[in-house]
Amino acid sequence: MNLTMSAQLDAGEEEAVKDFIERVCGLQLAIHNGPVAWNTAVKFLMARKFDVNRAIELFIAHQETRQREGLVLIDPRDTRLHDELKTGKFTVLASRDNSGASIALFTACNHLPLQTTHQDTLKGLVIQLDTALESYETQRNGLVFIYDMTRSKYNNFDYDLSIKILNMLKGGYPARLKKVLIVTAPLWFRAPFKILRLFVREKLRDRVYTVSLNQLPVHIPKESLPVSLGGVLTSNHSEWARRCIQTMANQLETCTIPTDNNTQLATAASPGVETNPIISDMESEDSHETLPEKHNNEDREKEVEFEKDDVSKIKRAGNDQISSSTGNSLPCKRGSETAAAQCADQSKGTLPRKKHRPPSSAFEDSIHVADGGLTIQEFVNYCRSKRKVGFRVDYMGIKSEQPTGTFLEARKKHNASKNRYTDVLCMDESRVRLCGQDDYINANFLDGYKQKNAYINTQGPLPRTYPDFWQMIWEQQVLVIVMTTRTVERSRLKCGQYWPAEEDSDEELGDFVVINVGIEKNTDFIVTNLVLQNTKTAESREIIHLQFISWPDFGVPHSAKAFLQFLFRVREEQAQKVKRLGTAWTGHPLGPPMVVHCSAGIGRTGTFVTMDINMRRLADVGTVDVEKTVRRIRSQRAFSIQMPDQYVFCHTALIEHAQNVGLIADVNMDGFDESDQSD
């Protein structure tokens with residue numbers, strides 16, 4: 001028993017500690033772990049006002065959270081943890097509010113989601129909270145959490161991480177969460193905050209506030225606030241981080257830590273010694289000494305170890321001892337097998353991985369494969385002999401072929417107003433179906449190279465179809481939207497402005513809120529970062545919108561170089577988004593379908609898809625076949641490739657691409673544009 005702690009507990013509280021230890025010990029013995037320490041029991045009981053049942057629930061939830069997020073063992077010498085602490089994005093202030101609660105501060109503008117991981121950020125947070133909870137006063141009086149959004153951009157905001165932190169603090173960490181203060185929330189945060197509140201239990205909802213800097217002293221006195229928040233407190237985060245590292249090192253002093261090469265490293269016993277460079281590095285911002293990075297999936301917590309199924313064992317062992325937890329949790333995201341089941345899941349807030357399309361991992365069923373074709377040198381010779389006029393003749397032969405599919409759904413009276421053009425309809429066999437009774441949208445799935453349903457080719461949305469368009473984006477889990485037209489060309493409206501045009505603006509379209517969180521303007525294309533929020537399921541996703549603006553209507557890009565740069569940027573954005581999904585995505589390695597559209601969704605759209613397919617094939621096996629590609633995509637999206645020059649462009653741009661990547665030397669195309677003598 002800890003005498004210091006015991007002296008500060010009354011008799012009833014001490015009995016509760018003994019009861020907690022005895023009952024948790026029974027759970028621990030069921031999975032061959034040692035008894036829980038007295039001080040540990042006190043922390044959990046303090047957090048639940050010495051209600052033993054609720055404290056045991058919290059204990060189990062805490063262990064679940066640590067294991068799920070990879071926080072079972074935190075090595076105090078981990079350089080990634082060291083770098084995380086140096087950002088200062090999270091700190092515990094050396095002050096308290098009027099009730100004696102400790103003050104934790106997360107500074108959003110210091111968080112760069114692309115440069116760190118959720119695990120590393122949570123490690124930095126947990127090591128500091130663990131140190132703060134060494135204080136009896138913090139255990140007794142709880143914690144105030146400040147989420148400072150001053151000077152932050154959307155690039156600093158990580159929705160999923162925010163949910164993890166809030167859920168951990170409210171139901172998975174042994175500290176009383178007294179209050180959450182969101183400071184100077186920017187305009188774009190309005191909708192995320194409304195949704196974020198949906199995850200908070202009613203009891204906690206009254207403790208979440210959005211405040212300005214001027215309102216903050218109403219909750220926390222100025223003398224307890226740092227200068228950055230209008231207070232007078234001068235904080236020393238480097239010293240605090242050093243203390244946290246040392247506290248953890250002392251706790252693990254007698255333990256050994258497994259590393260990647262299975263050697264054993266002793267933990268430093270005191271600050272300043274050479275075996276613990278992460279501590280000395282905290283004292284010098286200019287120091288670049290680091291330890292080798294370690295990524296060991298078999299790390300174990302030293303005091304209480306858990307095997308793979310230990311959490312479920314604890315729950316089974318404790319069924320007769322504790323009541324079930326009533327806390328809310330995030331909805332589970334699972335793919336359903338039928339359209340009806342998927343729609344039902346959607347209404348409950350789940351997100352299917354695949355919808356209305358065959359499994360995308362079945363390469364052997366893909367419509368675009370490396371059958372026949374020409375090597376790149378054969379392709380060059382073929383183009384030089386054909387010349388432009390020959391390709392025009394070939395294209396007219398393709399254009400004369402009638403579509404093999406039907407257009408029954410598109411021609412129905414109640415769907416007529418959803419088609420931008422009366423002669424550009426959606427084929428029944430490959431059309432995208434929306435969830436719900438009214439499932440029509442003018443959009444078709446198209447296969448890619450060795451990938452089923454790699455694209456969704458669609459028309460430029462009409463104002464009346466904006467909600468349908470975003471519903472399709474959501475249901476198909478689209479990450480990237482490719483737009484190959486301007487909204488207005490030659491004084492004619494080619495596509496509606498279906499997304500908010502101004503940065504930090506938002507629009508509500510049907511069941512969705514679309515937020516523009518950043519715009520990047522280039523000479524030939526514009527990249528817009530969007531956030532799509534489902535108001536029914538309380539979930540949010542990041543979507544990238546890429547618009548090519550150097551492509552005239554009915555023509556071809558002024559520069560193949562600019563078009564190729566745009567195409568590679570599209571691929572790069574798709575790859576990055578898929579990578580960030582991690583194990584949440586189980587479909588084709590290239591990810592969900594990309595949405596591609598122009599005005600009608602056949603000319604420039606078909607050209608983009610034809611180029612992408614042949615460039616991927618060229619990189620894979622060294623051959624191309626533009627003619628066969630065009631015929632095949634027209635079998636899924638009728639009339640794709642709308643003009644002869646677009647067909648010609650696919651050939652010439654492929655040659656330029658091959659030159660750019662070094663597959664062929666400079667090609668002499670003299671005479672390519674000249675008419676045939678017999679013409």
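The structure under discussion appears in the preceding block.
Below is a short write-up of the structure. Note that the structure is a prediction, hence the values are computed from the model and not measured.

Attention shifts here to the overall build of the protein chain. A count of helices and strands for the protein chain gives 20 helices and 20 strands. A buried classification covers 57% of the 679 residues belonging to the protein chain. Considering only intrachain contacts with a sequence separation of at least 6, the fraction spanning at least 24 residues in the protein chain is 70%. Element-wise, carbon and sulfur atoms account for 49% of the exposed surface of the protein chain, whose accessible area totals about 30100 Å².

Summed over the entire model, instances satisfying the criterion amount to 23 aromatic pairs. Ring geometry for tyrosine 395 against tyrosine 647: centres 6.0 Å apart, planes inclined by 40°, an arrangement best described as tilted. Placement of tyrosine 395 in helix H15 (residues 376-399) and of tyrosine 647 in helix H20 (residues 644-660) is noted, with a sequence separation of 252 residues between them. Judged by relative accessible area, tyrosine 647 falls into the buried class, the value being 1%. Judged by centre distance (4.7 Å) and plane angle (55°), the rings of phenylalanine 469 and tyrosine 498 are tilted. Of the two residues, phenylalanine 469 is situated in helix H16 (residues 466-475) and tyrosine 498 in the loop between strand S14 (492-493) and strand S15 (505-509); the sequence distance between them amounts to 29 residues. Like phenylalanine 469, the residue tyrosine 498 is buried in the burial classification. Connected via pairs of aromatic rings, a cluster forms that spans Phe525, Phe548, Trp551, Phe563, Phe566, Phe608 and Phe649. It is arginine 541 that lies over the ring of tryptophan 474; its NZ or CZ is 3.6 Å from the centre.

A separate point is the nonpolar core. Phe563, Phe608 and Met611 are the most contacted members of the largest nonpolar core, which has 53 residues in total. Residues contacting phenylalanine 563, with those up to four places away along its chain left out, are Phe548, Trp551, Pro557, Phe608, Met611 and Phe649. Phe90, Ile165, Tyr173 and Ile245 belong to the second largest nonpolar core, which has 47 residues in total.

Turning our attention to the pattern of salt bridges. Considering all chains together, one arrives at 32 salt bridges under this definition. Arginine 77 serves as the salt-bridge partner of aspartate 75, at 3.1 Å between the closest nitrogen and oxygen. Given a relative accessible area of 5%, aspartate 75 falls into the buried group. Close ionic contact of glutamate 137 with arginine 96 constitutes a salt bridge, the shortest N to O distance being 3.3 Å. Remark: arginine 96 occurs in strand S1 (residues 90-96) and glutamate 137 occurs in helix H7 (residues 136-141); sequence separation between them is 41 residues. Classification of glutamate 137 as partly exposed rests on a relative accessible area of 38%.

Along an α-helix, residues three or four apart share an orientation, since each turn contains 3.6 residues. Taking 1.5 Å per residue as the helical rise, H20 with its 17 residues ought to reach 24 Å, and the 25 Å between its terminal C-alpha atoms agrees with that figure. In terms of burial, H20 is a largely internal element, 12 of the 17 residues being buried. Turning to H20, its buried residues are Pro644, Gln646, Tyr647, Val648, Phe649, Cys650, His651, Ala653, Leu654, Ile655, His657 and Ala658. Buried residues along H20 sit in contact with H15, helix H17 (560-581), helix H18 (603-621), strand S20 (623-624) and helix H19 (626-634). In the segment just after H20, glycine 662 is the residue with positive phi, at about 80°.

This part covers the sheet that holds strand S4 (residues 177-183). Strand order in this open sheet of five strands is S1-S2-S3-S4-S5, and the pairing throughout is mixed. Each edge of the sheet is formed by a strand with only one pairing partner; in this case those strands are S1 and strand S5 (208-211). Ignoring strand direction, the axes of neighbouring strands in this sheet form an average angle of 25°. Taken together, the four bridges between S1 and strand S2 (residues 102-107) define a ladder with antiparallel strand orientation. The residue of S2 that forms the bridge with phenylalanine 90 is phenylalanine 106. Running over the sheet, helix H8 (residues 159-171) touches S2, strand S3 (143-148) and S4 and is turned about 170° from S3.

Cut-offs used in this document
Residues numbered from 1 in each chain as written. Predicted model: local features only at pLDDT ≥ 70, side-chain atom pairs only at ≥ 80, totals over all residues. Heavy atoms only, no water. Helix = DSSP H or I, 4+ residues; strand = E, 2+ residues; numbered from the N terminus. Buried < 20%, exposed > 50% of the residue type's maximum accessible area, 1.4 Å probe, protein only. Contact = heavy atoms within 4.5 Å. Areas by Shrake-Rupley, 256 points an atom, 1.4 Å probe, with all protein chains shown as cover. Phe/Tyr/Trp six-rings, centres within 6.5 Å; stacked < 30°, edge-to-face > 60°. Lys NZ or Arg CZ within 6 Å of the ring centre and 35° of its normal. Core = buried A, V, L, I, M, F, W, Y, C linked by side-chain atoms within 4.5 Å. Salt bridge = Lys/Arg side-chain N within 4 Å of Asp/Glu carboxyl O. Expected span 1.5 Å × (residues − 1). Pairing = 2+ DSSP bridges. Axes fitted to C-alpha atoms, helices over the stretch in contact; angles between N-to-C directions.

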